[in-house]
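Summary of the model geometry
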Amino acid sequence: MTQTSSPAIAPGSTIGILGGGQLGRMTALAAARLGYRCHVYCPEAGSPAFAVAAAVTQAPYDDAAALDAFAAAVDVVTFEFENIPAASVERLAARTVVRPSWKVLETAQDRALEKAFFSGIGAPTAPWKPVDGLPQLTEAIAALGVPCILKTRRLGYDGKGQARINHPGEAAAAWAAIAGAPAILEGYVAFSREISAIVARSPRGEVNTFDIAENVHVDHILDTTRIPAQITPEQAERAAAIAHHAAVSLDLQGLLAIEMFVADDGRILVNEMAPRPHNSGHWTIDACITDQFEQFVRAVCNLRLGSTERHSNAEMKNLLGRSIENWDSILSDPKAKLHLYGKTEAREGRKMGHVTRVFPRWKNDGK
Ligand code: ADP
Ligand code: MG
């Protein structure tokens, strides 16, 4: 149901954010620019968002007393991390406004629900089958063919919880590699590019998408995002239409990122979604009138959405692990926009920051 009548949560109010990573940190910074206070809830000490928040709760996601106190201290709750237990979201929703809704999170938490949702709105995905045991995996491999990818239904990120199968004989090893968790098997998509669409929808029903970005993954982790994506105007329109349609169908109140493949045959296939700001949208901070974090805040607080107009082309590179130690040489390019997340421990593959370079956008370079 569209809540056209729900009032704006005015600047000066407190936004509760579940999750304390870099996405929460950049959301809190954007919220502060609009005059909001953020209260960040996260189990881990020293979380990146704690350093820029007006208030923090360090507690497990299933701590009833901490959740109740959090709900009482904020005007709205949102997420920078979607794997919050159902019972906790229910508990919060009984006490305060929660955006986006549980239905959206529930769909995004489970790859099977997610894929069924997209098929249901006419947005094709890779062929897939649910897998709950080794015999079923063997059948699914026979049905989908190789290569294929076994993915846990829940909790996967940056390629974790996945096993590629190149030969039917690898079934048992793949099943062991994901520790026999409920999973899906996906046919391997022959793709030329990976792209993503980010869309905001507010409770008052405004919908706005950012320009389509092109993503390069290395070792299953996002390495580079470039804008504009090197795709046809029809493909860009299709990707944006899928995002718009998904946001409306989910009755989204917030921000939604959708990762997609541009298949070799030119079709756009949906890979997965995240109902929150996304790594592939960091370029918007430096290249758009309104960035993804501000748009997220506006949508969650039911303000009018901002213009997503892109004033520049851009290239965003993730800085993983110890690569941030090169901050001085990155800054030797005075046009490099360096963003660091304040994480103390530079574990290998950990997202420590990103750097965006913007380029003039000429009149005829399309969307
Ligand atoms: P994660 O939650 O880890 O991001 P993804 O499903 O997005 O999981 O997979 C990570 C990356 O693995 C994708 O960005 C893509 O490069 C590759 N990949 C995933 N699924 C497929 C597929 N069905 N066919 C080809 N490549 C895939
Ligand atoms: Mg992904």
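Only a predicted model underlies this, so the values are computations on that prediction, with no experimental measurement involved. (Residues numbered from 1 in each chain as written. Chains lettered and ligands numbered in written order. Predicted model: local features only at pLDDT ≥ 70, side-chain atom pairs only at ≥ 80, totals over all residues. Heavy atoms only, no water.)

The next thing to look at is a nonpolar patch on the surface. Nonpolar side chains collect at one region of the surface, where W327, L331 and L340 lie side by side and expose about 290 Å² of accessible area between them. Looking at where W327 falls in the secondary structure, it is placed in helix α11 (residues 327-330). The partly exposed category is assigned to W327, whose relative accessible area is 45%. (Patch = residues over 30% accessible without salt bridge, like charges linked within 9 Å, V, L, I, M, F, W, Y side chains within 5 Å. Areas by Shrake-Rupley, 256 points an atom, 1.4 Å probe, with all protein chains shown as cover. Salt bridge = Lys/Arg side-chain N within 4 Å of Asp/Glu carboxyl O. Helix = DSSP H or I, 4+ residues; strand = E, 2+ residues; numbered from the N terminus. Buried < 20%, exposed > 50% of the residue type's maximum accessible area, 1.4 Å probe, protein only.)

With that settled, consider the site of ligand 1. In the vicinity of ligand 1 there are 20 residues, among which K151, G159, E186, E194 and N271 approach most closely. In the model, a nitrogen atom of ligand 1 is placed 2.8 Å from a nitrogen or oxygen of the E186 side chain. Within the side chain of N271, a nitrogen or oxygen atom sits 2.8 Å from an oxygen atom of ligand 1. Elements with a minimum of two residues in the shell around ligand 1: β6 (148-152), β8 (183-187), β9 (191-201), β13 (254-263) and β14 (268-274). (Near = heavy atom within 4 Å. Polar contact = N/O pair within 3.5 Å; in protein donor to acceptor, adjacent residues only side chain to side chain.)

In total, this model carries 19 salt bridges according to the counting rule given. When the shortest N-O distance is used, the salt bridge between E186 and K115 registers 2.9 Å. Note that E186 is positioned in strand β8 and K115 in helix α5 (residues 111-120), a separation of 71 residues in sequence. Overall, K115 belongs to the buried group, its relative accessible area being 1%. Here R201 makes a salt bridge to D251, at a shortest N to O gap of 2.9 Å.

Taken together, the protein ligands of the magnesium ion (ligand 2) are E259 (OE) and E272 (OE), with distances of 1.9 to 2.3 Å. With E259 in strand β13 and E272 in strand β14, the pair connects residues that are 13 residues apart, well separated along the chain. (Donors = N, O, S within 2.8 Å, 3.2 Å for Na, K, Ca; no water.)

Now for the packing of aromatic side chains. Each aromatic ring pair is specified by the distance between its two centres and by the angle formed by the two planes. Summed over the entire model, instances satisfying the criterion amount to five aromatic pairs. Ring geometry for Y41 and F70: centres 5.1 Å apart, planes at 65 degrees, overall edge-to-face. Of this pair, Y41 sits in strand β2 (residues 37-41) while F70 sits in helix α2 (residues 64-73), and the two are 29 residues apart along the sequence. Taking relative accessible area as the criterion, Y41 reaches 0% and is therefore assigned buried. With centroids separated by 5.6 Å and ring planes inclined at 20 degrees, the aromatic side chains of Y61 and F81 adopt a geometry described as stacked. Separated by 20 residues along the polypeptide, Y61 in the loop between β3 (55-57) and α2 and F81 in the loop between β4 (76-79) and α3 (86-93) bring together distant segments of the chain. We classify Y61 as buried; its relative accessible area is 13%. Aromatic ring contacts, followed pair by pair, group Y41, Y61, F70 and F81 into a single cluster. (Phe/Tyr/Trp six-rings, centres within 6.5 Å; stacked < 30°, edge-to-face > 60°.)

With that settled, consider the pairing of strand β1 (residues 14-18). Within β1, five of the five residues are buried, leaving the element largely enclosed by the surrounding structure. Every second residue of β1 is oriented toward a common face, with T14, G16 and L18 on one face and I15 and I17 on the other, all of them buried. As paired strands, β1 and β2 are joined by five bridges and run parallel to one another. Paired with I15 across the strands is C38, a residue of β2. After leaving β1, the chain enters helix α1 (residues 22-33) and then returns to the sheet as β2, a path that is right-handed. Pairing of β1 with β4 involves four bridges; the strand directions are parallel. Counterpart to I17 in the pairing with β4 is T78. (Pairing = 2+ DSSP bridges. Right-handed = clockwise from strand over helix to strand, strands pointing away.)

Looking now at the side chain of H339. When you line up the elements, H339 lands in strand β16 (residues 337-340). Residue class for H339 comes out buried when judged on its relative accessible area of 16%. Reaching out from H339, the side chain makes a polar contact with the side chain of D286 at a distance of 2.8 Å. Residues contacting H339, with those up to four places away along its chain left out, are I285, D286, G353 and H354. (Contact = heavy atoms within 4.5 Å.)

Judged by nonpolar contacts, the single largest core of 49 residues is most densely connected at I15, L18, Y36, Y41, L92 and W283. Residues from two domains meet in this core; each of domain 1 (14-109) and domain 3 (191-360) gives at least three. Once residues lying within four places of it in the same chain are set aside, the contact partners of W283 are F210, D211, A213, T225, I227, C288, R310, A314, M316 and T356. In terms of nonpolar packing, the next biggest core, distinct from the first, is built from 27 residues, I121, L250, L252 and V270 among them. (Core = buried A, V, L, I, M, F, W, Y, C linked by side-chain atoms within 4.5 Å. Domains from an automatic or database assignment.)

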